[in-house]
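Breakdown of the fold
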Amino acid sequence: MQLTNLKTKYLGRGAFYYEKIDSTQKEITRRAEKGKIGNGTLIYADLQTEGIGTHGRRWYTSEKNNIAFSVFLELNCNIDLLNGLTRKIAEIILDIFEYKYDIYLQIKSPNDIYYNQKKLGGILTETKVEKNRVKSLIVGIGININKDFFEEDIKDIATSINKEFQINIDIKEFMSEFCNRFETEINRRIN
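Just so it is clear, the model here is predicted, and its values are computed rather than measured. (Residues numbered from 1 in each chain as written. Predicted model: local features only at pLDDT ≥ 70, side-chain atom pairs only at ≥ 80, totals over all residues. Heavy atoms only, no water.)

1. Thoughts on the pattern of salt bridges
Applying the stated rule across the entire model yields nine salt bridges. When the shortest N-O distance is used, the salt bridge between R30 and E27 registers 2.8 Å. Linking R30 with E27, this pair stays in helix α1 (residues 24–33), spanning three residues, or about one helical turn. Since its relative accessible area comes to 30%, R30 is described here as partly exposed. Here E27 falls in the buried class, since its relative accessible area comes to 12%. With a shortest N-O distance of 2.6 Å, R189 and E185 are connected by a salt bridge. Of this pair, R189 and E185 both sit in helix α4 (residues 171–190), four residues apart, roughly one helical turn. (Salt bridge = Lys/Arg side-chain N within 4 Å of Asp/Glu carboxyl O. Helix = DSSP H or I, 4+ residues; strand = E, 2+ residues; numbered from the N terminus. Buried < 20%, exposed > 50% of the residue type's maximum accessible area, 1.4 Å probe, protein only.)

2. Here's the deal with the pairing of strand β7 (residues 133–143)
Judged by how many residues are buried, β7 sits mostly within the fold: nine of 11 residues are covered. Sheet analysis places strand β3 (residues 67–78) next to β7, joined by 10 bridges and oriented antiparallel. What sits directly across from V71, in β7, is V139. Relative to β7, strand β6 (residues 118–130) runs antiparallel, the two being bridged by 10 bridges. Within β7, the position partnered with I123 by the bridge is I141. What sits between β6 and β7 in their antiparallel hairpin is a turn of two residues, with K131 showing a positive phi close to 50°. (Pairing = 2+ DSSP bridges.)

3. Some details on the packing of aromatic side chains
The full count for this structure, using the stated rule, is six aromatic pairs. Plain terms: the ring middles of F178 and F182 are 5.2 Å apart, the flat faces sit at 25° to each other, and that makes the pair stacked. Of this pair, F178 and F182 both sit in helix α4, separated by four residues, roughly a single helical turn. Like F182, F178 is buried. Ring pairs connect the aromatic residues F69, F178 and F182, which therefore count as one cluster. (Phe/Tyr/Trp six-rings, centres within 6.5 Å; stacked < 30°, edge-to-face > 60°.)

See below:
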C-alpha cells in the first residue's frame, strides 16, 4: 500500500496494509524483534482482533473504515527530548481534523481524543530505552471514523466522526498528513 501526498523522507514510505490483524502495534513489535523493519514503517489495518489501548485496555477495531495504524521510528536520542510527545501527537491529530475537515475536537490528557464528552480515539506510545537513550519508538493511533456499533462496555462513552459530523474522512489522506506533520515534529526534537 502506498500513501499519497507524502512529503516525508522516511515516515510512511514503507507502508503495509492488512485487512485483518491482531494488532498493528504487535505487528511492528514482532518485525522489530526480528530486525525486519525499516525506520518510518507504517502498519495499517481495517480490522484488529486484539487492538491495544493504554493501561492494557482493549481498543476495538471491529468494523472497516476506521483509523488503526502504528508507526515505527529508529531513534538514538536522550529520553528528555521526547517529553510531552504523546500530547503533541494528540495536538497534531486535532490540527488535521480542524484544518482539513473543520472539525473541532478535544484532548483528554495525555492521549485521548474526545468530542462532546465521548471518546473518539487514542494514542499509544511505546519506547525502547537503554541508559536514558530512546532506541526506538512505536506510536499507535486509533480513531473511530465510521464505527456504528459500540461494544457493551464502551457504548455510553464512545462515539465516531461519522456519528457526530456525518463527514467522510479519507483515511489514507489522514495518515499521509499525520506522517508529514509528525516527521517534522520528530526532526525538530532530535536534530
